[in-house]
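# Report on the structure
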Amino acid sequence: MENFTAYNPTTLHFGRNVLTQLAETLRPFGTRVLLLYGGGSIKKSGLYDRVMNDLAARGFSVTEFSGIRSNPIIEDVDAAAALGRDHGVDVILAVGGGSVIDSAKIVSVAIPVQRAAWDFFDGQLKPDRAIPLVAVLTLAATGSEMNPFAVVSNHTRGIKGAFGCPLTFPKHSFLDPALTLTVPKDYTAFGIADLIAHCFEAWFGVGETTLTDRIVVAIVKEAMEYGPKLLDDLHNYEYREKIMFAATMALNGVTMYGRSSGDWGVHSAGHVLSLLHDVPHGASLTIVYPAWLRHFRDRLGDRIAQLGTALFDTPLTAAESIDRIESFFRSIGCPVRLSEQGVAGEAREAILRSMIHSRVNGGHMKMQAEDYEKIIDLYL
Ligand code: NZQ
Ligand code: ZN
């Protein structure tokens, strides 16, 4: 086992109707709120009216920034930060999926400084304070609600980059599984795939830790058992609850206890597909993971076989494990080849160039240009 520090300051409010506590939770931070949300799903579901009416009735003043897109962009983060700065907001309220919460994290550290938000991503700037962030999660997938990470695209620089520090944890996150009942089937499946991929990134990281391995396997098994049931019954609260809990646990730190790093090479490669072709995040992972596993099968054979054997409760070789994992992704309707996302083979060279430019790599399994080429050829 590796030495580790456990730190997670986010207060999680999980369960039916937890939103009744939202206004009183915001109050200690102040009454001027910057509300961030996405393309309109919260208006359609009625959540927007519910939050706005509640806050208005309790004397909050709300400034809104809407239109955060899936695979969020740095321009929106800069614009939202400028708006928040101009209005002197006391607290940020992010209502949405990972894209909205990630953007809000960077807005929270960008408001106090007169600098481009991208400066945090390329290491030119370290935040020393943040406007408090409270999140209301509407999509189970990324774990952003209980971690410090934010992933944002900069198309000018040609990078989908990540940033996180102790200041970018949400102060509070509200998770009512009922708010995810409206998530469409495709994004529900991408969320299930994403949480499984987060567990895999931990599994293939650095550090041997049997207890944490068991936790990882338990989370993936939960997702593999209840994910397909949920996809057959999208309005089932109990299944939504199980997947929402699993998604938070998959990336809130516990899967990393006893490891010095995860791998994250698949995420790094997947971000290139999202950047170039706007592939939804979860879909980028189901495309890259089988290819990455096949590429590293000779070097990671025992570890892959151990994972497959634990997940499917039967002795499996590494090759059989990879086939089973790929079949699972396919069975929940996720793409496992880039062509299934409508991207043709001509994209190969541009993907390769972007991987080189983005310095795609893993914390454990190091990759170079020849690895990129082989992995691309396996998933095209
Ligand atoms: O924009 P709206 O209209 O809200 O629609 C969204 C969006 O189109 C919709 N949606 C969300 N909640 C809904 C809903 N539709 C109906 N009912 C609801 N209740 O779903 C679509 C996808 O939303 P998005 O926030 O983009 O999805 P997700 O939560 O998967 O976030 C993806 C982003 O998170 C990053 C990804 O790279 C990607 O940019 N990640 C963040 C991580 C983190 N912070 O720790 C780790 C992850 O590995 C990942 O990289
Ligand atoms: Zn992910």
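Reference entry: report on the structure contained in this document.

Parameters and conventions
Residues numbered from 1 in each chain as written. Chains lettered and ligands numbered in written order. Predicted model: local features only at pLDDT ≥ 70, side-chain atom pairs only at ≥ 80, totals over all residues. Heavy atoms only, no water. Helix = DSSP H or I, 4+ residues; strand = E, 2+ residues; numbered from the N terminus. Rg over C-alpha atoms; globule rule 2.2 N^0.38 Å. Buried < 20%, exposed > 50% of the residue type's maximum accessible area, 1.4 Å probe, protein only. Contact = heavy atoms within 4.5 Å. Phe/Tyr/Trp six-rings, centres within 6.5 Å; stacked < 30°, edge-to-face > 60°. Lys NZ or Arg CZ within 6 Å of the ring centre and 35° of its normal. Donors = N, O, S within 2.8 Å, 3.2 Å for Na, K, Ca; no water.

Tallying secondary structure elements over the protein gives 15 helices and 8 strands in all. Taking 2.2 N^0.38 as the reference for a compact globule, 380 residues should give roughly 21 Å; the C-alpha atoms of the protein span a radius of gyration of 20 Å, in line with that estimate. By the burial criterion, 58% of the 380 residues in the protein qualify as buried. Looking at the protein alone, contacts between residues at least 24 apart form 78% of all its contacts between residues at least 6 apart.

Here we take up the packing of aromatic side chains. What the rule picks out here adds up to 14 aromatic pairs. Both rings, one in Tyr37 and one in Tyr48, keep their centres 5.4 Å apart while their planes meet at 55°; by these two values the pair is tilted. A residue pair is termed long-range when its members are at least 10 positions apart, and Tyr37 in strand β2 (residues 32–37) and Tyr48 in helix α3 (residues 47–57) qualify at 11 residues. On the basis of relative accessibility, which here comes to 3%, the residue Tyr37 falls in the buried class. Clustering of aromatic rings is evident, with ring pairs tying together Phe200, Phe204, Tyr289, Trp292 and Phe296. Geometry around Tyr48 places Lys43 over its ring, the cationic atom sitting 4.6 Å from the centre.

Attention now moves to the coordination of the zinc ion (ligand 2). The protein atoms that coordinate the zinc ion (ligand 2) are Asp194 (OD), His198 (NE2), His267 (NE2) and His281 (NE2), at distances of 2.0 to 2.1 Å. Sequence spacing of the donors to the zinc ion (ligand 2): D-x3-H-x68-H-x13-H. Taken together, the residues His198 in helix α7 (residues 185–203) and His281 in helix α11 (residues 281–295) connect sequence positions 83 residues apart. With respect to class, His198 is no different from His281; both count as buried.

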